[in-house]
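Remarks on the overall topology
Below are the chains, spelled out letter by letter.
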Amino acid sequence: MKQGLETVEDREYTEIAEVPMTDESKFEVKYSFVHDGIEGICTIVGQSETVESTTGEEELKVTLLSEFDEDSLHYNSMTAKEQVDNDLINVEEYMHRHINEG
């Protein structure tokens, strides 16, 4: 995920901390981000699962979501959330290519 976020040109993401999880198929990482005067902190929540590809092979699928803490400066900012969520769609695609294609 970190490598995928590094490919985002419009925003700069900095990892703050990984949140310990008991479920091996889930992960949470806190990130700060900066872009055009919008800066904030969010938690990226990931869920992985094994799915069957169109060729019948098993693939790992990762779904990413952003969560903003209520005390975050941009908790109610749809602009910040939309920007981060759009970035995460691209990161998901990046991860799927690199995980499943080798």
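As a reminder, the structure under discussion sits directly above these lines.
Below is a short write-up of the structure. Fair warning: this is a prediction, and the values are worked out from it, not measured in the lab. (Residues numbered from 1 in each chain as written. Predicted model: local features only at pLDDT ≥ 70, side-chain atom pairs only at ≥ 80, totals over all residues. Heavy atoms only, no water.)

**Considering the sheet that holds strand E3 (residues 38–52)**
- Strands sit in the order E1-E2-E3-E4 across an open sheet of 4 strands; the sheet is antiparallel. Across the chains shown, the open sheet's two edge strands, defined by having one partner strand only, are strand E1 (12–19) and strand E4 (58–67). In this sheet, neighbouring strand axes are inclined to one another by 30° on average, regardless of whether the strands run parallel or antiparallel.
- Summarising the sheet, strand E2 (residues 26–35) and E3 pair through 10 bridges and their orientation is antiparallel. Paired with Val29 across the two strands is Ile44, which belongs to E3. (Pairing = 2+ DSSP bridges. Helix = DSSP H or I, 4+ residues; strand = E, 2+ residues; numbered from the N terminus. Axes fitted to C-alpha atoms, helices over the stretch in contact; angles between N-to-C directions.)

**What about the pairing of E4?**
- Where E3 and E4 come together, 10 bridges link them in antiparallel fashion. Within E4, the position partnered with Ile44 by the bridge is Ser66.
- If you look at the hairpin formed by E3 and E4, you'll find 5 residues sitting between the two strands, and Gly56 has a positive phi there, around 90°.

**What to know about the nonpolar core**
- Within the largest apolar cluster, 18 residues are counted, with the highest numbers of intra-cluster contacts made by Met1, Leu5, Phe33, Ile44 and Leu64.
- If sequence neighbours within four positions are ignored, Leu64 has contacts with Met1, Phe27, Ile44, Val45, Gly46, Leu88, Val91, Glu92 and Met95. (Core = buried A, V, L, I, M, F, W, Y, C linked by side-chain atoms within 4.5 Å. Buried < 20%, exposed > 50% of the residue type's maximum accessible area, 1.4 Å probe, protein only. Contact = heavy atoms within 4.5 Å.)

**As for the environment of Ser48**
- By the element assignment, Ser48 lies in strand E3.
- Residue class for Ser48 comes out buried when judged on its relative accessible area of 18%.

**Quick look at the pattern of salt bridges**
- Per the stated rule, a full pass over the model turns up 2 salt bridges.
- Ionic pairing is found between Asp85 and Lys81, a salt bridge with its closest N-O pair at 3.2 Å. One end of the pair, Asp85, and the other, Lys81, are both in helix H2 (residues 78–100), 4 residues apart, so they sit about a helical turn from each other.
- Judged by relative accessible area, which is 25%, Asp85 ranks as partly exposed. (Salt bridge = Lys/Arg side-chain N within 4 Å of Asp/Glu carboxyl O.)

**Description of the side chain of Arg11**
- Assignment of secondary structure puts Arg11 in the loop between helix H1 (2–6) and E1.
- Polar side-chain contacts of Arg11 include one of 2.6 Å to the side chain of Asp87.
- Once you skip the residues sitting within four places of it in the chain, Arg11 turns out to touch Val34, His35, Gln83 and Asp87. (Polar contact = N/O pair within 3.5 Å; in protein donor to acceptor, adjacent residues only side chain to side chain.)

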